[in-house]
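Each chain, letter by letter, is given below.
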Amino acid sequence: MAATVLYVAFSLYQWGLYSAPSWDLGIFTQLLDRYAHFQAPIVNIKGPGFNLWGDHFHPLLAVLTPIFALAPSGLTLLITQDVLFGLSVVPIADYARRKLGTWPAVLIGAGAGLGWGLTSAVAAQFHEIALAVPLLAFGLMHLLDGHRRTAAVELGLLVFVKEDLGLTVAAIGGAAILEAWLRVGRRARGDTAGGSAFAGSTLAGSARSGSAHVSNNRVSNANASNTRAKNASTGHPAGNPVRSAWRRIVTALDSRLGIFGLRLILWGIVWFALTILVILPAFNVGGQWDYTGRLGSVAGQPEYGFFAPSEKLLTLVYLLAALGVVGLRSPLALALIPTMLWRFAGNVSAYWGIQWHYSAVLVPISALALVDGAMRTARALEARRLRRATRANAPASTAARVTQTAGAPSASGTGTPTTAAGGAGRAASSYRPHRAQAACASLAATVALVGAVVGTSQNTLGQWARGYSTTLSAEQRSAAGELLAKVGTGKSIAADIYLMAYLVPGNTVYWTGNSQGTRVVSAVAFGPQSLMSGDGAANWAATNYGGTWHVAYNDEGYVLVERD
């Protein structure tokens, strides 16, 4: 809730500046305006007559049409994205609370909501990934809780948000298979203490007595002995690593979680291939996927490699912090790889850093991987401590049994024999496993929160929150409003990127950067950022659109020229 309020407050501030960091808000506003009027997705801002289905594959955006129809404005899209981002924090915080406890959940939820991944996306204004973030958050939570059918629907819908997310879906399937493979290994060892959050128990509710833990450890040791004996009797001894590994892989793939993972991989890869090879080229004017050329080295600059420039390494540091480091232990971390691969392999500098919207989909993955990794780390540390406690008390237990055989009284003086479990239990009674678990989770969550806040401080939302912001004078606001009122509706108008989204409802809008020669344009609008004078704008329009033009409005840098 707090994150949503922050996002909306910034969006209102940003909208009031009559500005935009890119043309994307204008593009998506025009797309939803076309949907709201039951028209084909022809987005003239992208290019005269351009069909946006040939740019990126995002048919799921159509679900926002009723919302946009009620309030047709670019601001509607901004606030919708804010709400969706805020909603995505809910399953993250809720899952962390159930598994790690309240305090780690507060830290993790704050890190996700206030972190650079979502705040940079809010600052970059609306994009299609607004739908992907909550789908990932809820889908991964349900997967971890063992609700695979619900997770399959939520994660499966990602392929209709953007084409590259098919690879993310496939990577999540790979994470599920890896977890299934790890489970087979744990069962083979009889290990019940090193599990994960995949439909597993909680750490927050694990404050049991030391003797109970030691008892469980003895049961695990017994299970391990039985399992080793079973393997030997069935002809799969531990000394045959190849056959053992193969059997482990087959068993993992044949499990319910393994089959679920295979289906996700197939679904994601098929849709990725279908979109970039068939669907997008079919609607693209050039008959191709336009973004193939954005993969590869920077032309003429060989010093730009996969991990260069250093901005990429800094992004990895921030991502490691978002994982709380321990998130690397989780199979979910695999789902981060596709996005990072295409970003680092890309030759567009905006892909490399933590600005813009490209990191938003990483937020639910890294946050939930942190929870899973914290559980794995805490349980591994607990198991190691208990094994040490058991070994340390083994000699004393042996001596106690010898004393019992001789009929000697116990150390307590009651004549009751001292057992191995009792000795180990008393030795471990001073150890509080839940404290170590909470400390591990809190430390990881704190690392994530610190990295999140530091990263956010570098983007425009963070700067606005710290009081470093740009404001318009009353005269400038009035001039912008008067220009929009002067334009009205029903015009074919070209505008710079700063005013496009404001002019879309009711008009056919083109971008001044790619619509030269479009004779249907009857008006041209510029904001003060374009540094156009009235006469300069009229001459520019005559040069690029033909005919003669006059200045219809010119005040505080806001210029409108119209065709005579």
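Quick caveat: nothing in here was measured; it's all calculated off a predicted structure.

1. Comments concerning the pairing of strand 1 (residues 492–495)
Then, number 1: Every second residue of strand 1 is oriented toward a common face, with Ser492 and Ala494 on one face and Ile493 and Ala495 on the other, all of them buried.
Then, number 2: With 4 bridges joining them, strand 1 and strand 2 (residues 508–511) adopt parallel strand pairing. From the neighbouring strand, Ala495 faces strand 2, where its bridge partner is Trp511.

2. Some points on the packing of aromatic side chains
Then, number 1: Tallying each qualifying case throughout the model produces 25 aromatic pairs.
Then, number 2: A centroid spacing of 5.9 Å and a plane angle of 85° characterise the contact between Trp342 and Tyr358, whose relative ring orientation is edge-to-face. On the criterion of sequence distance, the pair formed by Trp342 in helix 14 (residues 337–345) and Tyr358 in the loop between helix 14 and helix 15 (362–405) is long-range, its members being 16 residues apart. Each member of the pair, Trp342 as well as Tyr358, carries the same accessibility label: buried.
Then, number 3: Grouping aromatic residues by their ring pairs yields a cluster made of Phe57, Phe160, Trp267 and Trp271.
Then, number 4: Residue placement shows Arg248 over the ring face of Trp181; its charged tip is 3.8 Å from the ring centre.

3. Some points on the pattern of salt bridges
Pairs can form between side chains of opposite charge whenever their charged atoms are close.
Then, number 1: Under the definition given, this model contains 9 salt bridges.
Then, number 2: Here Arg183 ties to Glu179 by a salt bridge, and the two come within 3.2 Å at their closest N and O atoms. Here Arg183 and its partner Glu179 are both found in helix 9 (residues 165–189), 4 residues apart, which amounts to about one turn of the helix.
Then, number 3: Residue Arg183 is classed as partly exposed on the basis of its relative accessible area of 24%.
Then, number 4: Here Glu179 falls in the buried class, since its relative accessible area comes to 0%.
Then, number 5: Residues Glu179 and Arg376 are paired through a salt bridge, measuring 2.5 Å at the closest nitrogen-oxygen approach. Of the two residues, Glu179 sits in helix 9 while Arg376 sits in helix 15, which places them 197 residues apart along the sequence.
Then, number 6: Residue class for Arg376 comes out buried when judged on its relative accessible area of 5%.
Then, number 7: Beyond isolated ion pairs, a larger network of salt bridges with shared partners links Glu179, Arg183, Arg186, Asp372 and Arg376.

4. Description of the sheet that holds strand 1
Two modes of strand pairing occur in sheets, parallel and antiparallel, and in both the strands are linked by backbone hydrogen bonds.
Then, number 1: Spatially, 2-1-3-5-4 is the arrangement adopted by the 5 strands of the open sheet, whose pairing is mixed. Strands at the two margins of the open sheet, each flanked by one partner only, are strand 2 and strand 4 (549–555). Strand-to-strand twist across the sheet, computed as the mean angle between neighbouring axes with direction ignored, equals 20°.
Then, number 2: Examined bridge by bridge, strand 4 and strand 5 (residues 558–563) share 6 bridges and lie antiparallel to one another. Within strand 5, the position partnered with His550 by the bridge is Glu562.

5. What to know about the packing of helix 4 (residues 74–100) against helix 5 (residues 102–114)
Packed helices, taken two at a time, are described by their axes: the angle between them and the distance between them.
Then, number 1: At their nearest, the axes of helix 4 and helix 5 sit 7 Å apart, and the two run at 160° to each other. Here helix 4 is positioned roughly antiparallel relative to helix 5, judged by the angle of their axes. Relative to helix 5, helix 4 is oriented so that their crossing is right-handed. Contacts between helix 4 and helix 5 involve Val89, Ile92, Ala93, Ala96, Arg97 and Leu100 on the former and, on the latter, Thr102, Pro104, Ala105, Ile108, Gly109, Ala112 and Gly113.
Then, number 2: Along the lines of polarity and charge, the residues of the contact of helix 4 with helix 5 split into 9 nonpolar, 3 polar and 1 charged.

6. What about the environment of Ala3?
Then, number 1: Mapped onto the elements, Ala3 comes out in helix 1 (residues 2–15).
Then, number 2: A sequence separation of 112 residues divides Ala3 from Gly115, and the C-alpha atoms of the two residues are 9.9 Å apart.

7. Details of the side chain of Gln14
Then, number 1: Structurally, the position occupied by Gln14 is in helix 1.
Then, number 2: What makes Gln14 buried here is its relative accessible area of 8%.
Then, number 3: Reaching out from Gln14, the side chain makes a polar contact with the side chain of Gln125 at a distance of 3.3 Å.
Then, number 4: Aside from chain neighbours lying at most four places away, what touches Gln14 is Ser19, Pro21, Val122, Ala123, Gln125 and Tyr502.

8. Details of the nonpolar core
Then, number 1: Within the largest apolar cluster, 125 residues are counted, with the highest numbers of intra-cluster contacts made by Phe85, Ile108, Phe126 and Tyr558.
Then, number 2: At 12 residues, the largest contribution of residues to this core is made by helix 7 (residues 129–144).
Then, number 3: The contacts of Phe126, once residues within four sequence positions are left out, are Asp24, Leu25, Phe28, Leu61, Leu64, Leu77, Leu78 and Gln81.
Then, number 4: By size, the runner-up hydrophobic cluster in this structure holds 12 residues, among which are Tyr510, Val521, Ala537 and Ala538.

9. A closer look at a nonpolar patch on the surface
Then, number 1: Where nonpolar side chains cluster on the molecular surface, the patch consists of Phe306, Phe307, Leu313, Leu316, Leu334, Ile337 and Leu341 and spans about 580 Å² of accessible area.
Then, number 2: At the level of secondary structure, the elements contributing two or more residues to the nonpolar patch comprise helix 13 (310–322) and helix 14.
Then, number 3: Turning to its location among the elements, Ile337 is positioned in helix 14.
Then, number 4: For Ile337, a relative accessible area of 40% gives the class partly exposed.

10. A look at the pairing of strand 5
Then, number 1: Within strand 5, 5 of the 6 residues are buried, leaving the element largely enclosed by the surrounding structure.
Then, number 2: Where strand 3 (residues 523–526) meets strand 5, 4 bridges bridge the pair, whose relative direction is antiparallel. Note that in strand 5 the partner of Phe526 across the bridge is Val559.
Then, number 3: The antiparallel hairpin formed by strand 4 and strand 5 contains 2 residues in its connecting segment, where Glu556 sits at a positive phi of about 55°.

11. Things to note about helix 21 (residues 534–545)
Then, number 1: For helix 21, with 12 residues, the first-to-last C-alpha span of 16 Å sits near the 16 Å given by 1.5 Å per residue.
Then, number 2: Along helix 21, the residues that are buried comprise Gly534, Ala537, Ala538, Ala541, Asn544 and Tyr545. Buried residues along helix 21 cover an arc of 145° about the axis, so they all sit on one side. The outward face of helix 21, more than 90 degrees from its buried face, is lined by the exposed residues Asp535, Asn539 and Thr543.
Then, number 3: With a side-chain oxygen positioned 3.0 Å from the backbone nitrogen of Gly536, the residue opening helix 21 is Ser533.
Then, number 4: Gly546 sits one or two positions beyond helix 21 and adopts a positive phi of about 80°.

12. Comments concerning the packing of helix 7 against helix 9
Then, number 1: The geometry of helix 7 relative to helix 9 is characterised by a closest axis approach of 13 Å and an angle of 10° between their N-to-C directions. With respect to each other, helix 7 and helix 9 are oriented roughly parallel. Packed against helix 7, whose contacting residues are Ala132, Leu136, Leu140 and Leu143, the element helix 9 presents Leu165, Thr168 and Ile172 at the interface.

Scoring rules and cut-offs
- Note on numbering: residues in each chain are counted from 1, in written sequence order.
- Confidence filtering applies because this is a predicted model: local features only for residues at pLDDT of at least 70, side-chain atom pairs given and counted only at 80 or more, and all residues used for totals across whole chains, interfaces and linings.
- Side-chain measures here rest on the full set of heavy atoms in the structure, leaving out hydrogens and waters.
- Partly exposed describes any residue whose relative accessible area lies between the buried limit of under 20% and the exposed limit of over 50%, with all areas from a 1.4 Å probe on protein chains only and scaled to the type maximum.
- Helical segments are the DSSP runs of H or I of at least four residues, strand segments are the runs of E of at least two, and each set is numbered from the N terminus.
- Paired strands, as defined in this entry, are two strands with at least two bridges between them according to DSSP.
- Here the aromatic set is Phe, Tyr and Trp, taking the six-membered ring for Trp, and pairing holds for ring centres within 6.5 Å; pairs whose planes are under 30 degrees apart are stacked, those over 60 apart are edge-to-face, and all others are tilted.
- Placement of a charge over a ring requires the Lys NZ or Arg CZ to be within 6 Å of the ring centre, with the centre-to-atom vector within 35 degrees of the ring normal.
- We count a salt bridge whenever a side-chain nitrogen from Lys or Arg sits within 4 Å of a carboxyl oxygen from Asp or Glu.
- The convention used is that axes are lines fitted to C-alpha atoms, helices contributing only their stretch in contact, and that angles between N-to-C directions extend from 0 to 180 degrees.
- Put simply, angles under 35 degrees are roughly parallel, angles over 145 are roughly antiparallel, angles from 65 to 115 are roughly perpendicular, and the rest are oblique.
- We call a crossing left-handed when the near helix sits turned anticlockwise from the far one by less than a right angle, and right-handed when that turn is clockwise.
- Residue contacts are defined here by distance: any two heavy atoms, one from each residue, within 4.5 Å place the two residues in contact.
- Residues are grouped as follows: nonpolar covers Ala, Val, Leu, Ile, Met, Phe, Trp, Tyr, Cys and Pro; charged covers Asp, Glu, Lys and Arg; every other residue, Gly included, is treated as polar.
- Contacts described as polar in this section are N or O atom pairs within 3.5 Å, which, within protein, must combine one atom able to donate a hydrogen with one able to accept it, while residues neighboring in sequence count only if both atoms come from side chains.
- Throughout, nonpolar core names a set of buried Ala, Val, Leu, Ile, Met, Phe, Trp, Tyr and Cys residues whose side chains join them through atoms within 4.5 Å.
- Patches in this entry comprise residues that are over 30% relatively accessible and not in a salt bridge; like charges within 9 Å are linked, as are nonpolar side chains (Val, Leu, Ile, Met, Phe, Trp, Tyr) within 5 Å.
- Surface accessibility in these figures is a Shrake-Rupley result with a 1.4 Å probe; residues are shielded only by whichever protein chains are displayed.
- For a helix, the expected span equals 1.5 Å multiplied by the residue count minus one.
- Picture the helix axis, draw a direction to every C-beta atom, and the arc is the one those directions span.

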